[in-house]
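Chain by chain, the residues run as shown.
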Amino acid sequence: MPITLAIHGGAGNITPAMMNKQQEAEYDAGLKAALDAGYDVLKGGGNAMDAVVAAIAVLENNPIFNAGRGSVFTKKGLHEMDAAIMDGRNLAAGAVAGVRNIKNPIKLAKDVLEHSGHVLLSGSGAAEFALSRGLEMATDDYFFNKLRYDQWVKIRDSDFTQLDHEGDNLKGAATNPDYKFGTVGAVACDEQGNLAAGTSTGGMTNKRYGRVGDSPIVGAGTYANNNTCAISCTGHGEFFLRAVVAHDVACLIEYKGLTLQQACDTVIKDKLVKMGGEGGLIAVNAGGDHCFSFNSAGMYRAVRDSKGYEEIAYYG
Ligand code: ASP
């Protein structure tokens, strides 16, 4: 059976004009390291769930991505992370929302799936569970990143403050030309034809009130079902939540018989665009096919499969 691993490092206004050679080299290396980690699991006969965790953990440890170590700052100058993982074999899912000081939220999400008896844990309860499981913690210093800090300060003092009065601070982020949705994700098809999907994020810069995006919500930012596909999304979470993006793609395949690419493009390039939502997704199916779909200028993405196909790309 074919094996495939696809990953993303976020979508957004990613254009050649906004990236220099050094940044391109950093993203190349970061995506390749994650691809290697996840694909090695699959190649060694490991399962899709473990491959997804291995790939995402590498991305979480790399500060250029908005997840784990590189998570963006909230309005209060903190880091609150969301993550989810789903097993296409049995529709089991685990997720965490608004967690702090967890080194690898994707590992906590997998523990939620396997050991909590629940699907989604949030905030202090999730932290208590993490402690009970002996998950690796990290201090605030570990998550400090000068670039992210500067991004936050810039937004805090300009667009966001202005838009707060209109009650729509996220609009400011979407119209900021520097804006990137730097969430990370992975989808895998293992040699048994089993699928898994995972997503991990620091959310949106300057978020507040315990805001949670689409990433940890099963069916919105993350979904896997062996019969249809495994999906991980990145983009303006409020729209992905309302469009129930990941599950919608699976439904188009299950109920309307669309191909993977048709289903992804219908939701990302038609439905979401009409709603005004920006972003993209990665997908695989049990035949080992993969698909990238995005309506933003670019998406950091990569794929490797057992047919010998490999791609690392950013731009549209
Ligand atoms: N979808 C994420 C969120 O809204 C952001 C991202 O993709 O970067 O929290």
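Residues numbered from 1 in each chain as written. Predicted model: local features only at pLDDT ≥ 70, side-chain atom pairs only at ≥ 80, totals over all residues. Heavy atoms only, no water.

A word on helix 3 (residues 105–116). Considered for burial, the residues of helix 3 that qualify are Pro105, Ile106, Leu108, Ala109, Lys110, Asp111, Val112 and Ser116. The elements touched by buried residues of helix 3 are helix 2 (48–60), strand 2 (81–87), strand 3 (92–99), strand 4 (120–122), helix 4 (123–133) and strand 7 (195–201). Phi turns positive, to about 80°, at Gly117, one or two residues after helix 3. (Buried < 20%, exposed > 50% of the residue type's maximum accessible area, 1.4 Å probe, protein only. Helix = DSSP H or I, 4+ residues; strand = E, 2+ residues; numbered from the N terminus. Contact = heavy atoms within 4.5 Å.)

Take the site of the ligand next. With respect to spatial proximity, 11 residues lie near the ligand, and among them Thr183, Arg211, Asp214, Thr234 and Gly235 are the closest. Between the ligand and Thr183 there is a distance of 2.5 Å, counted from an oxygen atom to a side-chain nitrogen or oxygen. Contacts to the ligand include Thr234, whose side-chain N or O atom sits 2.8 Å from an oxygen atom. Surface burial for the ligand is 100%, taken as the share of its 270 Å² of free accessible area covered by protein chains. In terms of residue class, the shell around the ligand is made up of one nonpolar, eight polar and two charged. (Near = heavy atom within 4 Å. Polar contact = N/O pair within 3.5 Å; in protein donor to acceptor, adjacent residues only side chain to side chain. Areas by Shrake-Rupley, 256 points an atom, 1.4 Å probe, with all protein chains shown as cover. Nonpolar A, V, L, I, M, F, W, Y, C, P; charged D, E, K, R; others polar.)

Moving on to the packing of aromatic side chains. Summed over the entire model, instances satisfying the criterion amount to 11 aromatic pairs. When the ring centre of Phe292 is taken as origin, the NZ or CZ atom of Arg301, which lies over that ring, is 5.8 Å away. (Phe/Tyr/Trp six-rings, centres within 6.5 Å; stacked < 30°, edge-to-face > 60°. Lys NZ or Arg CZ within 6 Å of the ring centre and 35° of its normal.)

On to the confidence of the model for the chain, then. Predicted confidence across the chain gives a mean pLDDT of 92, with 92% of residues reaching 70 or more. Low pLDDT, under 50, characterises residues 161–174; the stretch is placed with 23 contacts to residues that sit more than four places away or in other chains. (pLDDT = per-residue confidence, 0-100.)

What follows is about the pattern of salt bridges. One pass over the full model with this rule turns up 15 salt bridges. The residue Asp36 makes a salt bridge to Arg304 at a minimum N-O spacing of 2.8 Å. Of this pair, Asp36 sits in helix 1 (residues 21–43) while Arg304 sits in strand 12 (residues 298–305), and the two are 268 residues apart along the sequence. Asp248 is the partner of Lys271 in a salt bridge, and the nearest nitrogen-oxygen pair spans 2.7 Å. Here the residue Lys271 occupies a position in helix 11 (residues 260–275), and Asp248 occupies one in helix 10 (residues 245–256), the gap between them amounting to 23 residues. Residue classification places Lys271 among the partly exposed positions, given a relative accessible area of 29%. Each of the salt bridges in this network shares a partner with another, and the network as a whole consists of Lys32, Asp36, Arg304 and Glu310. (Salt bridge = Lys/Arg side-chain N within 4 Å of Asp/Glu carboxyl O.)

On to the packing of helix 10 against helix 11, then. As a packed pair, helix 10 and helix 11 sit with axes 9 Å apart at the nearest point and diverge in direction by 135°. Taken together, the axes of helix 10 and helix 11 lie oblique to each other. When the axes of helix 10 and helix 11 are compared, the crossing they make is right-handed. Residue-level contacts link Val245, Asp248, Val249, Leu252 and Ile253 of helix 10 to Leu260, Ala263, Cys264, Thr266, Val267, Ile268, Lys271 and Leu272 of helix 11. (Axes fitted to C-alpha atoms, helices over the stretch in contact; angles between N-to-C directions. Parallel < 35°, antiparallel > 145°, perpendicular 65-115°, else oblique. Left-handed = near helix turned anticlockwise from the far one by under 90°.)

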